[in-house]
Amino acid sequence: MKTRVITFHYTLHDTEGNLIDSSEGKPPLSYLEGVGHIISGLEDEMKKMETGEKKKISVSAEKAYGLKDPELIFDVPRSQFPPNEDLQVGMMFQTDEPDKVFTITELQDESVIVDGNHPLAGINLVFDVELTEIREATEEEKAHGHVHGEGGHHHH
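Just so it is clear, the model here is predicted, and its values are computed rather than measured. (Residues numbered from 1 in each chain as written. Predicted model: local features only at pLDDT ≥ 70, side-chain atom pairs only at ≥ 80, totals over all residues. Heavy atoms only, no water.)

**Section: the overall build of the protein**
Each helix and strand in the protein was counted, giving two helices and nine strands. The helix and strand sequence of the protein, counted from the amino end, reads β-β-β-α-β-β-β-β-β-β-α. Taking 2.2 N^0.38 as the reference for a compact globule, 156 residues should give roughly 15 Å; the C-alpha atoms of the protein span a radius of gyration of 19 Å, well beyond that estimate. Its C-alpha atoms put the protein at 55 × 40 × 30 Å along the principal axes. Classification of the 156 residues of the protein by burial places 33% in the buried group. Long-range pairs, those at least 24 residues apart, make up 63% of the contacts in the protein between residues at least 6 apart in sequence. About 9800 Å² of surface is accessible on the protein, with carbon and sulfur atoms providing 49% of the total. The positive charge centre, built from 14 side chains, and the negative charge centre, built from 31, are 9 Å apart in the protein. (Helix = DSSP H or I, 4+ residues; strand = E, 2+ residues; numbered from the N terminus. Rg over C-alpha atoms; globule rule 2.2 N^0.38 Å. Buried < 20%, exposed > 50% of the residue type's maximum accessible area, 1.4 Å probe, protein only. Contact = heavy atoms within 4.5 Å. Areas by Shrake-Rupley, 256 points an atom, 1.4 Å probe, with all protein chains shown as cover. Lys, Arg positive; Asp, Glu negative; His and termini not counted. Charge placed at Lys NZ, Arg CZ, Asp CG, Glu CD.)

**A closer look at the packing of aromatic side chains**
Applying the stated rule across the entire model yields five aromatic pairs. Taking the centre distance of 5.9 Å and the plane angle of 50 degrees together, the rings of Phe-8 and Tyr-10 count as tilted. A residue is classified by how much of its surface remains accessible, and Tyr-10, at 14% relative accessible area, is buried. Between the aromatic rings of Phe-81 and Phe-93, the centroid separation amounts to 5.5 Å while the plane-to-plane angle is 85 degrees, which identifies the pairing as edge-to-face. Here Phe-93 lies in strand β6 (residues 92-94) and Phe-81 lies in the loop between β5 (73-77) and β6, a separation of twelve residues in the sequence. Note on Phe-93: relative accessible area 25%, which makes it partly exposed. Looking at Lys-100, its charged tip hangs above the ring of Phe-102, at a distance of 5.9 Å from the centre. (Phe/Tyr/Trp six-rings, centres within 6.5 Å; stacked < 30°, edge-to-face > 60°. Lys NZ or Arg CZ within 6 Å of the ring centre and 35° of its normal.)

**Looking at the layout of surface pockets**
In this model, the largest pocket occupies a volume close to 290 Å³. Where the lining of the largest pocket is concerned, the elements lending two or more residues are β1 (4-14) and β3 (29-32). Of the residues belonging to the lining of the largest pocket, the class tally is eleven nonpolar, two polar and one charged. (1 Å grid on protein atoms, 1.4 Å probe; cavity = no way out; pocket = protein on both sides within 12 Å on 5 of 7 lines; lining within 4 Å. Points joined across faces, edges and corners; volume = space filled by probe spheres on them. Nonpolar A, V, L, I, M, F, W, Y, C, P; charged D, E, K, R; others polar.)

**Thoughts on the environment of Asp-86**
Turning to its location among the elements, Asp-86 is positioned in the loop between β5 and β6. Within polar-contact distance, the side chain of Asp-86 engages the side chain of Gln-88 at 3.0 Å. (Polar contact = N/O pair within 3.5 Å; in protein donor to acceptor, adjacent residues only side chain to side chain.)

**Quick word on the nonpolar core**
Counting residues in each nonpolar core, the largest one holds 18 residues, and the members touching the most others are Phe-8, Leu-42, Met-46, Ile-57, Phe-127 and Val-129. Counting residues per element, the ones that place at least two in this core are β1, α1 (40-46), β4 (54-59) and β9 (125-136). With residues up to four places along the chain from it excluded, the contact list for Leu-42 reads Phe-8, Ile-57, Val-59, Phe-127 and Val-129. Residues Val-76, Leu-87, Val-112 and Val-114 belong to the second largest nonpolar core, which totals seven residues. (Core = buried A, V, L, I, M, F, W, Y, C linked by side-chain atoms within 4.5 Å.)

Structure representation (structure tokens):
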């Protein structure tokens, strides 16, 4: 099977219709098919689409960013944070663990409640997508594991 580059515009809502993200007013997004750059539930449906096609795609939390893992929500003593840091709910920070981002969800007198789940974990998503281009990936893109050029990764 040929590896393809899929380029698309999208608008993302939750199931209540709240806008989460959109490519409107920006260049379309491009991804290399089959390498996990977009959530599986979206990619599975977009594989079946043709250039120029528009579709509303509902993706369950399990096929998006997963269900919330309660073990990733815990409290951290305030003493673990810099003393002069103005902590606020919604702040995000990274730890020494690679690719792990935590969000502050609650501030208490002696501790800070943090959540290591993805901000969209546990949320069913609704995408309005329009495929603007489908092309075969270059050998270089396949070797590097990402799209080069417009809408993709640029080497400098």
